[in-house]
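An overview of the molecular structure
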Amino acid sequence: MMKKTLLALTVLASVATPAMAQEQGSWLLRASVANVNPNDDSGAVLGNDGVAVDSATGLGLSLTYMFDSHWGLEVLAASPFSHSIDGTGALKGLNIGKTKQLPPTVSAIYQWGDKTKYHVGVGLNHTVFFDTQTSSALTSALGANTTDLDLSSSTGLAFKFGFDVPISKDWNFSGNIYYADIDTTGDVIVNGTKAASVDVQIDPVVYMLGFSTTF
């Protein structure tokens, strides 16, 4: 259904809607629903086990400054994404806890196309984890009085592909796909003492659908 909708919008734009001007000094604002899908892998937590991070959905907002009709600089921001952290291996089925993250990203982009605009980009992502909490189930499973989990921030490369299909004089239908290299180290704290550290590769693919406008 989504593919048919995108195809219909593309055909309609090519025959009926003029392209929005994106020239030197113009700004492109995109607002989208964003879905973060981790391709995660981790080391052992306490023994022969690990952790997995589930997907999350939030709001994404990007602002691009166009140096000319092809080259631009994009800054991506988003509302906080909330992720559940679950156990794998010996801990499979056990909820470890939850965390929130913000993934600001700056990318250089190259754009082409006549009416429908396409672009690719490469840049730098910095992800900050906060409000991380362990579950009571984990505390009980470890026979502990208290547990905590501290996740380090991550800086890595990001890549993207996107398109903007004109649907009116002032608005486009916008789609974007990002891949980000996100690695973090989690310190497992049991009864106030660090019991273990685990390296987690999250490396998500982010899908975004929304609208954009040029000013």
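Residues numbered from 1 in each chain as written. Predicted model: local features only at pLDDT ≥ 70, side-chain atom pairs only at ≥ 80, totals over all residues. Heavy atoms only, no water.

So, on to a nonpolar patch on the surface. Judged by side-chain polarity, Phe-67, Trp-71, Leu-73, Val-75, Val-106, Tyr-110, Trp-112, Tyr-118, Val-120 and Phe-161 come together as a nonpolar surface patch covering roughly 860 Å² of accessible area. Breaking the nonpolar patch down by element, the ones donating at least two residues are β5 (71-78), β8 (105-112) and β9 (117-134). With respect to the secondary-structure elements, Phe-161 resides in strand β11 (residues 154-166). For Phe-161, a relative accessible area of 34% corresponds to the partly exposed category. (Patch = residues over 30% accessible without salt bridge, like charges linked within 9 Å, V, L, I, M, F, W, Y side chains within 5 Å. Areas by Shrake-Rupley, 256 points an atom, 1.4 Å probe, with all protein chains shown as cover. Salt bridge = Lys/Arg side-chain N within 4 Å of Asp/Glu carboxyl O. Helix = DSSP H or I, 4+ residues; strand = E, 2+ residues; numbered from the N terminus. Buried < 20%, exposed > 50% of the residue type's maximum accessible area, 1.4 Å probe, protein only.)

A few words on the sheet that holds strand β2 (residues 41-42). In space, the four strands of this open sheet follow the order β2-β14-β13-β10, with antiparallel pairing throughout. The sheet terminates laterally at β2 and β10 (147-151), the two strands that pair on one side only. (Pairing = 2+ DSSP bridges.)

Take the nonpolar core next. Counting 18 residues, the largest nonpolar core has Ile-85, Ile-96 and Leu-149 as its most contacted members. Every element with two or more residues in this core is listed here: β10, β13 (183-190) and β14 (193-201). Once you skip the residues sitting within four places of it in the chain, Ile-96 turns out to touch Val-51, Ile-85, Asp-86, Gly-87, Leu-91, Gln-133, Thr-134, Ser-135, Leu-138 and Leu-149. Among the nonpolar cores identified, the runner-up in size contains eight residues, and Ala-34, Ala-56, Leu-76 and Phe-81 belong to it. (Core = buried A, V, L, I, M, F, W, Y, C linked by side-chain atoms within 4.5 Å. Contact = heavy atoms within 4.5 Å.)

Turning to the packing of aromatic side chains, a few remarks are in order. Per the stated rule, a full pass over the model turns up eight aromatic pairs. On the numbers, 6.5 Å between centres and 20 degrees between planes, the contact of Tyr-118 with Phe-161 is stacked. Here Phe-161 lies in strand β11 and Tyr-118 lies in strand β9, a separation of 43 residues in the sequence. (Phe/Tyr/Trp six-rings, centres within 6.5 Å; stacked < 30°, edge-to-face > 60°.)

Moving on: the pairing of β8. Going residue by residue along β8, you find Thr-105, Ser-107, Ile-109 and Gln-111 tucked away on one face and Val-106, Ala-108, Tyr-110 and Trp-112 left uncovered on the opposite face. The pairing of β5 with β8 spans six bridges and is antiparallel. Residue pairing across strands places Gly-72 opposite Ile-109, the latter belonging to β8. Bridge count between β8 and β9: eight bridges; the pairing is antiparallel.

So, about the pattern of salt bridges. In this structure the tally under the stated criterion is four salt bridges. We note a salt bridge from Glu-74 to Arg-30, for which the minimum N-O separation is 3.5 Å. On the criterion of sequence distance, the pair formed by Glu-74 in strand β5 and Arg-30 in strand β1 (residues 27-37) is long-range, its members being 44 residues apart. Across this residue pair, the class does not change: Glu-74 and Arg-30 are buried. Across the pair Asp-131 and Lys-100 runs a salt bridge whose closest N-O atoms are separated by 3.6 Å. With Asp-131 in strand β9 and Lys-100 in strand β7 (residues 95-102), the pair connects residues that are 31 residues apart, well separated along the chain. Of the residues examined, Lys-100 reaches a relative accessible area of 30% and is grouped as partly exposed.

To continue, consider the confidence of the model for the chain. When the pLDDT values of the chain are averaged, the result is 88; 87% of them are 70 or greater. Every residue in residues 1-6 is under pLDDT 50, and counting partners more than four places away or in other chains gives three contacts. Here residues 12-19 is a poorly scored stretch, pLDDT under 50, and it has 15 contacts once near neighbours within four places are set aside; other chains count. (pLDDT = per-residue confidence, 0-100.)

Residue classification places Glu-74 among the buried positions, given a relative accessible area of 0%. A distance of 2.7 Å separates a polar atom in the side chain of Glu-74 from a polar atom in the side chain of Lys-160. (Polar contact = N/O pair within 3.5 Å; in protein donor to acceptor, adjacent residues only side chain to side chain.)

Another aspect to go through is unusual backbone geometry. Its identity as a non-glycine residue notwithstanding, Asp-131 has a phi of 50 degrees, on the positive side. We note that Asp-203 has phi near 40 degrees; this positive angle belongs to a residue other than glycine. The topology assignment puts Asp-203 in the loop between β14 and β15 (205-214). The class of Asp-203 is buried, set by a relative accessible area of 12%.

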